[in-house]
Amino acid sequence: MPENKTDNFLKAIKRYANAQKRALAGEVKQLKTERLKEAEAKAKLDSERLKKEKLTQTRNRQTALIASKAQEGQRKLFVERAAMTEEIFKLAAEKLSDYTKTAEYSEKLKNSAKAVAEVFEGCDCVLYLNERDLKAADELKAFFSGKTEVKADKTIKIGGLRGYCESKGIIADETLDTKLEAQREWFVENAALSVL
């Protein structure tokens, strides 16, 4: 009988060991499942983070490329507009040069001299003219009551006159060059130039 007890005792230990083995195997399996789920969740988060980073990097590269292309396009547009503006003002200067050969221009020059003479109110002055207009010097001086000296001015490319009264510290600019240049800012703002 003692063997029976021993056998029973050994069987009970074996059953207990098997139960513990199954319990441990279940715990290991559950732990494995949990760890696997955690690893999958972490991998998913890491993957999403990596995707976001890659997407952000790609978006940033594309944004920088678009900004660079837009800036280059703006620069080209600016250069084209500036070239168009220069061409337009060159043509306008040519038309004004043609205008200086007309009788209408001679009258305009006289009217400019009258206006400048009124501003100087009989004070001594110097009149500056384009070399082509020096032939009208005596006629223009007649509008001034003070002592008037007439000089050629190479900076007056198109025509018109510029007067200087030292005693009043006044410069009266009636040149076509200055009037044309004064239109440039207005033209740039209002011309709505588009480059196709």
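Scroll up a little and you will see the structure.
All of these numbers come straight from a predicted model, not from anything done at the bench. (Residues numbered from 1 in each chain as written. Predicted model: local features only at pLDDT ≥ 70, side-chain atom pairs only at ≥ 80, totals over all residues. Heavy atoms only, no water.)

Overview of the side chain of Thr100
Using the following cut-off: Helix numbers and strand numbers start at the N terminus; a helix is a DSSP run of H or I with at least 4 residues, a strand a run of E with at least 2. We call two residues in contact when some of their heavy atoms are within 4.5 Å.
Counting through the fold element by element, Thr100 comes out in the loop between helix H1 (2-99) and helix H2 (103-120). Each residue touching Thr100, except ones within four places of it in the same chain, is listed here: Tyr105, Arg132, Ile158, Gly159 and Leu176.

Here we look at unusual backbone geometry
A positive phi angle is found at Glu121, which is not glycine, with a value near 45°. As for its placement among the helices and strands, Glu121 is situated in the loop between H2 and strand E1 (125-129).

Observations regarding the environment of Leu129
Take Leu129: it is sitting in strand E1. Counting along the chain gives 25 residues from Leu129 to Lys154, while the straight-line C-alpha distance between them is 8.3 Å. Excluding residues that lie within four positions of it along the chain, Leu129 makes contacts with Leu134, Leu140, Val150, Lys151, Ala152, Asp153, Ile156, Gly160 and Leu161.

What to know about the nonpolar core
What tends to happen in soluble globular proteins is that the nonpolar side chains get buried as a cluster. Convention followed: For this analysis, a nonpolar core means a set of buried residues of the types Ala, Val, Leu, Ile, Met, Phe, Trp, Tyr and Cys, connected via side-chain atoms within 4.5 Å. Residue burial is assigned from relative accessible area. The probe radius is 1.4 Å, only protein chains are included, and a residue is buried under 20% of its type maximum, exposed over 50%, and partly exposed in between.
Core analysis: the biggest nonpolar cluster contains 20 residues, and Val116, Phe120, Leu140, Phe144 and Leu161 have the highest contact counts within it. Contributions of two or more residues to this core are made by H2, E1, strand E3 (160-165) and helix H4 (176-190). Here this core takes six residues from H2, the largest share from any one element. Residues in contact with Leu140, not counting those within four places in the same chain, are Leu109, Lys110, Ala113, Leu127, Leu129 and Leu161.

Quick look at the packing of aromatic side chains
The following threshold applies: To pair, rings of Phe, Tyr and Trp, with the six-membered ring standing in for Trp, must have centres within 6.5 Å; the planes then decide the type, stacked if under 30 degrees apart, edge-to-face if over 60, and tilted in the middle.
Inspection of the entire model under this criterion finds two aromatic pairs. When the centroid spacing of 5.5 Å and the interplanar angle of 80° are considered together, the rings of Phe89 and Phe187 count as edge-to-face. Remark: Phe187 occurs in helix H4 and Phe89 occurs in helix H1; sequence separation between them is 98 residues. The exposure classification of Phe89 matches that of Phe187, with both residues buried. Geometrically, the ring pair formed by Tyr99 and Tyr105 is edge-to-face, given 5.7 Å between the ring centres and 75° between the ring planes. The exposure class assigned to Tyr99 is partly exposed, which follows from its relative accessible area of 21%.

Some remarks on the sheet that holds E1
Threshold: In this scheme, strands are said to pair when DSSP sees at least two bridges between them. Fitted lines through C-alpha atoms give the axes, limited to the stretch in contact for helices. The angle between two N-to-C directions lies from 0 to 180 degrees.
The four strands lie next to each other as E2-E1-E3-E4, forming an open sheet whose pairing is mixed. In the strand order of this sheet, the two ends are held by strand E2 (148-152) and strand E4 (170-175), each with one partner. Mean inter-strand twist for the sheet, computed between neighbouring axes without regard to direction, equals 15°. In the packing of H2 onto the sheet, the strands contacted are E1, E3 and E4, and the crossing angle to E3 comes to about 15°.

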